[in-house]
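A look at the structure
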Amino acid sequence: MAMLDKLDKLDKNDVIELTIEDMGSDGAGVGRYEGMTFFVKDAVTGDKVMARITKMKKNYGFARLEKMLKPSEHRVIPECELHSRCGGCQISVLAYGQQLAYKQKKVQETLNRIGGFAPELTERIFEPAAGMDYPYRYRNKAQFPIGTGKDGKLVAGFYAARTHSIIPVSDCRLGPLVNREVLLAVLAYMEENHVEPYDETRGTGLVRHVLIRNAFATNEVMVCLVINGRRLPAQDKLIAALRGVEGLTGILVNQNRKNTNVILGDVTQLIYGRDYIMDSVSLRDCGSPDFPRTGESVDYRISPQSFYQVNPEQTEKLYSLVLEYAGLTGKETVWDLYCGIGTISLFLAQRAGKVYGVESVPQAIEDARKNAAQNGIVNAEFFEGKAEDVLPQFYQSEDADVDALHPDVIVVDPPRKGCDERCLEAMIQMRPERIVYVSCDPATLARDLKILCDGGYELKRGRVVDQFCHTVHVETIVSIQRKTS
Ligand code: SAH
């Protein structure tokens, strides 16, 4: 491999030497060569590498690791041997403490760049990221694609990075051990009963995905097969194969006959047991560095289509922080927007006068109401609809008693795309004392906080809660306060 003459124009396939100084939002290492920025896949901060250019843009380029000259002191050998092929964990070669530092830096820098917040401010208010003591076996939900391997055999696994070819993974370290047992049972049933896996290029075959949900507090397990058809042959054989799985509470079949990347279709049929699992979330003492449980808990029922946080241990920390940031005394009116199955709402309700939850998925709202009843909570009311529709309707209707409805606190926990502008405008008009924003995307968090702060709020507290260890996904909680003047 010929080293590049500095005077040459850089081109695809050229090999360059760089030191990785940072990592981008997709986990790729960032280094400079001749003033140009390069994103190097599989390299981490501190690595000194030779990298082969894979793509050139005007002011930056992409490259892949060709030869490691000096590995970073932050590199570790991940527990999972498939880490470099599987697309699931992008930063598992980075020591866990460094992963936390990377995420916190990313959030702060994004708030500075997109939100326009001063670096001194974000540096001062951000508390140390809340990580896990043992950052494995934490996920309570997994969706394994089913397909045919190179040898023609049935495989269950994960998609390789940026592709749709399936890498067989029988034991993903992010999920519980029982998932392996479920997958092996499903594959054995398919084999014995000649049930074909789905072939997405041809649109033929039947079984597309196996979705497993685990409730960690109760050990309940729900298995859902997503199929390209109306029914599963020899259903009783599948039930027999899975019945031995400890904690199995239900088997469902979801129909998805569309040629799409969306995993679940609209129709779900229960073939065994019940169509939900029960879980329980306990509060933790956020004042203590190791977040001990306080004993207060709420029980939840979770339907297959409802959103539920994927990392139960970190969710307990996150919800405890929501309560702390909300600063409730028992009398307040609180709105919980994007409330899902009412998980945050029901904790808020125990500390507030009244809680209103808003959520767009009907099944989740149904779960939320049942969850309130199950926990004996009477001061939480739930509205089905989009937050950006429900809030303006509620406040602008003729019989709305705006004073009585005036919220003290609003909690928002939107999906990655953040809040709709109409929702943000309504929030500003509602003039709550405090807003607690739970976010799974730093860029939309920064964009929305800028709008809210321009509307009369100031940034008070912030913290990264690592819900997605070894991946580049970042969960952040921030509180803002209405300015007094
Ligand atoms: N706070 C909940 C759920 C957060 S996930 C929890 O912690 O479990 C985000 C939720 O927002 C999902 O349940 C999703 O269905 C819902 N959602 C998405 N867009 C919405 C919108 N425009 N208005 C209201 N809810 C929405």
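Residues numbered from 1 in each chain as written. Predicted model: local features only at pLDDT ≥ 70, side-chain atom pairs only at ≥ 80, totals over all residues. Heavy atoms only, no water.

The subject of this paragraph is the side chain of E359. Mapped onto the fold, E359 is located in strand 17 (residues 354-359). Of the side chains with opposite charge, K417 comes closest to the buried, unpaired E359, at an N-O distance of 11 Å. At 2.9 Å, the side chain of E359 and the backbone nitrogen of V361 are in polar contact. The residues touching E359, leaving out its near neighbours within four places in the chain, are Y338, C339, G340, A364, I365, F383, E384 and G385. (Helix = DSSP H or I, 4+ residues; strand = E, 2+ residues; numbered from the N terminus. Buried < 20%, exposed > 50% of the residue type's maximum accessible area, 1.4 Å probe, protein only. Lys, Arg positive; Asp, Glu negative; His and termini not counted. Salt bridge = Lys/Arg side-chain N within 4 Å of Asp/Glu carboxyl O. Polar contact = N/O pair within 3.5 Å; in protein donor to acceptor, adjacent residues only side chain to side chain. Contact = heavy atoms within 4.5 Å.)

For the rest of this paragraph, the subject is the site of the ligand. Every one of the 17 residues lining the ligand counts as a neighbour, but Q309, Y319, E359, A387 and D413 are closest to it. Within the backbone of Y338, one N or O atom sits 3.1 Å away from a nitrogen atom of the ligand. One nitrogen or oxygen atom from the side chain of T343 is found 2.9 Å from an oxygen atom belonging to the ligand. Of all elements in the fold, only helix 6 (343-349) and helix 8 (387-396) reach the threshold of two or more residues within the shell around the ligand. Looking at the shell around the ligand residue by residue, the class counts come to eight nonpolar, five polar and four charged. (Near = heavy atom within 4 Å. Nonpolar A, V, L, I, M, F, W, Y, C, P; charged D, E, K, R; others polar.)

The full count for this structure, using the stated rule, is twelve aromatic pairs. A centroid spacing of 5.8 Å and a plane angle of 75 degrees characterise the contact between Y60 and F62, whose relative ring orientation is edge-to-face. Among the residues examined, Y60 registers a relative accessible area of 33% and is labelled partly exposed. By relative accessible area, F62 is classed as partly exposed at 29%. (Phe/Tyr/Trp six-rings, centres within 6.5 Å; stacked < 30°, edge-to-face > 60°.)

Attention now moves to the packing of helix 3 (residues 178-192) against helix 4 (residues 235-242). Orientation of helix 3 relative to helix 4, taken along the N-to-C sense of each, is 150 degrees, at an axis distance of 9 Å. As judged from the angle between their axes, helix 3 and helix 4 are roughly antiparallel. The two elements helix 3 and helix 4 meet at a crossing, and its hand is right-handed. Between helix 3 and helix 4, the contacting residues are V182, A185, V186 and Y189 on the first element and K237, L238, A241 and L242 on the second. (Axes fitted to C-alpha atoms, helices over the stretch in contact; angles between N-to-C directions. Parallel < 35°, antiparallel > 145°, perpendicular 65-115°, else oblique. Left-handed = near helix turned anticlockwise from the far one by under 90°.)

Before going further, it helps to examine the domain arrangement of the protein chain. We note that the domain assignment places domain 1 (7-70), domain 2 (141-275) and domain 3 (280-298 + 307-482) within the protein chain. Once you take the C-alpha centre of each, domain 2 and domain 3 turn out to be 33 Å apart. Counting residues at the interface gives five residues for domain 2 and seven residues for domain 3. Summed over both sides, the interface of domain 2 with domain 3 buries roughly 430 Å², with 71% coming from carbon and sulfur. Viewed at the interface, domain 3 and domain 2 are joined by zero salt bridges. Considering only residue class, the side of domain 2 that touches domain 3 consists of three nonpolar, no polar and two charged. (Domains from an automatic or database assignment. Buried area = accessible area lost by both parts, 1.4 Å probe.)

A few words on the sheet that holds strand 11 (residues 220-227). Within the open sheet, the seven strands sit side by side as 9-8-7-10-11-12-13. Their pairing is mixed. In the strand order of this sheet, the two ends are held by strand 9 (166-168) and strand 13 (267-273), each with one partner. Strand-to-strand, the axes of this sheet are offset by a mean angle of 35 degrees, without reference to chain direction. Two elements, strand 10 (residues 207-215) and strand 11, share eight bridges in a ladder whose sense is antiparallel. From the neighbouring strand, A215 faces strand 11, where its bridge partner is E220. Contacts between helix 3 and the sheet are confined to strand 7 (141-148), strand 8 (154-159), strand 10 and strand 11, with strand 10 contributing the most and set at about 150 degrees to the helix. (Pairing = 2+ DSSP bridges.)

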